[in-house]
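# Observations on chain architecture
So the chains spell out like this:
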Amino acid sequence: MTDIKSLTLLELQEEMERLGEKKFRAKQVYGWMHEKLADHFDEMTNLSKALRERLSKEYELPALKFIKVQQSGQDGTCKFLFGLPDGHVIESVLMRYHYGNSVCISSQVGCRMGCRFCASTLGGLQRGLRPSEMLDQIYQIQKWSKERVHNVVVMGTGEPLDNYDSLLRFLHLLTCEGGLHISQRNVTVSTCGIVPKMRKLAEEKLQITLALSLHASTQEKRKALMPVANRYELSEVIDACRYYFEQTGRRITFEYSLVGGVNDQEEDARELIRLIQPLNCHVNLIPVNPIKERDYVQSGRQTIVNFKNKLEKSGIVVSIRRELGRDIDGACGQLRRSYIESH
Ligand code: SAH
């Protein structure tokens, strides 16, 4: 059965015509799903009962199942576990900032990228999420919190560019009129650096922010932390970032997780400056969130500050990511993993 929530408005119009329905019905159904966030055809009360029945026979209207919400006592961050129709579980996070609510969504069930410090990748990849399953994380969180979602970051479990077609459809449905209509500028997609897909994304000329998980300033060190670096040279990754900026005018965000004694030394900062200074970019330093399966440790507070200062002195814009939700398995993939382990 076709997943009706992953269809664009144009496709839905074609479907309505196929069913012998008036074209304007498509807009109504679309509005119910993407604006009013209906989970069932029964809720679509301005459609005839006969049409609602027909739709439920012909299409799937997938909705995520709430399994669990964990609320941080420290900062209002909430972590959600959702169930998918095939029994898999995924996690999403709601972060409350002074400038509005941000939701961090997963793009895949598991991940096959193998980054050494990341919990999401430990069980490998199960499958990519459908566009509707990416959207529904945001819809369910907005309904649950009764607060509007302003920003979306695709930084949860999975590698979004490893699920490219679904990602693009998701971005369209999220940002176009008739749905939540979130501005493209308020959407960030984070990648470990799949070069051909970064270039392809650049050519879509969207206004979304591309965040590149850099984590090291030499090819050698990057390889030790991120297996994807065996496929793409650091210079190619940086070129693709430059290309993204040229095509879209959007400043790149570099994510750099500081791992104690591994990539947080003065020489690392020096190399990093050399590497990215020519680019229009912003650096987000993330103190690594230790996971129990690996023995990586966080850098000391002073080391982090020194690293930041060094970058700033060379004119690079830097922020240190506030660690939200440390008390609720905040790191990528931790909550999902502890759930799977205990069931
Ligand atoms: N696959 C994408 C998006 C998901 S990960 C990517 O690699 O960018 C989101 C970010 O969190 C990435 O920068 C990732 O490297 C980082 N990350 C994952 N686990 C982490 C941990 N334990 N501590 C700090 N950062 C982590």
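Numbering of residues starts from 1 in every chain and runs along the sequence as written. Reporting of local features is limited, given that this is a predicted model, to residues whose pLDDT is at least 70; pairs of side-chain atoms are given and counted only at 80 or more, and all residues count toward the totals for whole chains, interfaces and linings. Water and hydrogen atoms were dropped before computing side-chain values, which therefore reflect all heavy atoms in the structure.

Only centres within 6.5 Å qualify two rings of Phe, Tyr or Trp (six-membered ring in Trp) as a pair; their planes then separate them into stacked at under 30 degrees, edge-to-face at over 60, and tilted for everything else. Scanning the entire structure with this criterion turns up six aromatic pairs. Arranged with centres 6.0 Å apart and planes meeting at 65 degrees, the rings of F66 and F80 form a pair that is edge-to-face. Of the two residues, F66 is situated in strand β3 (residues 65–71) and F80 in strand β4 (residues 78–83); the sequence distance between them amounts to 14 residues. The exposure class assigned to F66 is partly exposed, which follows from its relative accessible area of 36%. Where helices and strands are cited, they refer to DSSP runs of H or I of at least four residues and of E of at least two residues respectively, numbered from the N terminus. The rule is simple: take the accessible area with a 1.4 Å probe, protein chains only, and divide by the maximum for that residue type; under 20% is buried, over 50% is exposed, in between is partly exposed.

With that settled, the discussion passes to the environment of Q265. If you trace the backbone, Q265 turns up in the loop between β12 (252–258) and α9 (266–276). In this structure the C-alpha to C-alpha distance between Q265 and S299, which are 34 residues apart in sequence, comes to 9.5 Å.

Looking now at the sheet that holds β12. Adjacent strands of a sheet form backbone hydrogen bonds with each other and so pair up, either parallel or antiparallel. In this scheme, strands are said to pair when DSSP sees at least two bridges between them. One open sheet accounts for 10 strands, arranged β3-β4-β5-β6-β9-β10-β11-β12-β13-β14; its pairing is mixed. Strands with a single pairing partner mark the edges of an open sheet, and in this sheet they are β3 and β14 (317–320). Strand-to-strand, the axes of this sheet are offset by a mean angle of 25 degrees, without reference to chain direction. Sheet strands touched by helix α8 (residues 234–248): β11 (209–213) and β12. Its angle to β12, the strand with the most contacts, is close to 145 degrees. Axis angles are defined between N-to-C directions and span 0 to 180 degrees, where every axis is a line fitted to C-alpha atoms and, for a helix, only to the segment in contact. Contacts are residue-level and defined by heavy atoms, with any inter-residue pair within 4.5 Å sufficient.

The next thing to look at is the pattern of salt bridges. A side chain with one charge may pair with a side chain of the opposite charge, provided their charged atoms come close. Definition used for salt bridges: Asp or Glu carboxyl oxygen within 4 Å of a side-chain nitrogen of Lys or Arg. On inspection of all chains with the given rule, the structure shows 22 salt bridges. Residue R54 pairs with E58 through a salt bridge whose shortest N-O separation is 3.6 Å. Placement of both R54 and E58 in helix α3 (residues 49–58) is noted, with a separation of four residues, approximately one turn of the helix. Exposure remark for R54: the relative accessible area of 35% places this residue in the partly exposed category. Given the relative accessible area of 28%, E58 is considered partly exposed.

Note: most peptide bonds trans; most residues except glycine with negative phi. Non-glycine residue K146 carries a positive phi angle of around 55 degrees. Note on placement: K146 falls in the loop between α4 (131–145) and β9 (149–154).

With that out of the way, let us pick up the site of the ligand. One heavy atom suffices: a residue is near a molecule or strand as soon as one of its heavy atoms comes within 4 Å of it. Around the ligand there are 17 residues in total, and G158, S190, S213, H215 and N289 lie nearest to it. One nitrogen or oxygen atom from the side chain of S213 is found 2.6 Å from an oxygen atom belonging to the ligand. N289 has a polar backbone atom sitting 2.8 Å from a nitrogen atom of the ligand. Accessible surface area values rest on a Shrake-Rupley calculation with a 1.4 Å probe, where residue burial reflects the displayed protein chains alone. For the ligand, whose unbound accessible area comes to 530 Å², protein coverage reaches 94%. Elements supplying a minimum of two residues to the shell around the ligand: β10 (187–191) and β12. Of the residues in the shell around the ligand, the class split is seven nonpolar, eight polar and two charged. Pairing of N or O atoms within 3.5 Å defines a polar contact, subject to two protein rules: one partner must be a possible hydrogen donor and the other a possible acceptor, and residues neighboring in sequence count only if both atoms are side-chain atoms. For this classification, the nonpolar set comprises Ala, Val, Leu, Ile, Met, Phe, Trp, Tyr, Cys and Pro, the charged set comprises Asp, Glu, Lys and Arg, and every other residue, Gly included, is treated as polar.

Right, let's talk about helix α1 (residues 9–18) for a bit. Looking at α1, one finds that the buried residues are L12, Q13, E15 and M16. An end-on view of α1 places all buried positions within 160 degrees of arc, on one side of the element. Opposite the packed face of α1, turned more than 90 degrees from it, sit the exposed residues L10, E14 and R18. As for α1, its buried residues are in contact with α2 (24–34), α3 and β2 (59–60). Backbone geometry just downstream of α1 places G20 in the positive-phi region, at approximately 75 degrees. What the arc describes is the spread of directions from the helix axis to the C-beta atoms.

This paragraph deals with the side chain of Q140. Structurally, Q140 can be placed in helix α4. Discounting chain neighbours no more than four positions away, the residues touching Q140 are D39, A63, L64, F66 and F82.

On to empty space enclosed by the protein. Each cavity reported here is a set of points on a 1 Å grid over the protein atoms alone in which a 1.4 Å probe fits but cannot get out, each pocket an open set with protein on both sides within 12 Å along at least five of seven lines, and each lining residue one with an atom within 4 Å of a point. Grid points are joined across faces, edges and corners, and a volume is the space filled by probe spheres set on the points. Here the structure, examined in full by the defined rule, presents one cavity of 30 Å³ or more. Its volume calculated, the largest cavity comes out at about 40 Å³. In this structure, the largest cavity is lined by P62, A63, L64, L84, P85, S132, E133 and D136. Tallied by class, the residues present in the lining of the largest cavity amount to five nonpolar, one polar and two charged.

The subject of this paragraph is the nonpolar core. With 98 residues, the main nonpolar core has I138, F170, F254 and I276 as its most contacted residues. The contact partners of I138, leaving out residues within four places of it in the chain, are V103, I105, V149, V152, F170, L174 and L180. What we call a nonpolar core is a set of buried Ala, Val, Leu, Ile, Met, Phe, Trp, Tyr and Cys residues that are connected through their side-chain atoms within 4.5 Å. Counting six residues, the second-largest nonpolar core is a separate cluster that includes M95, V153, M155 and A211.

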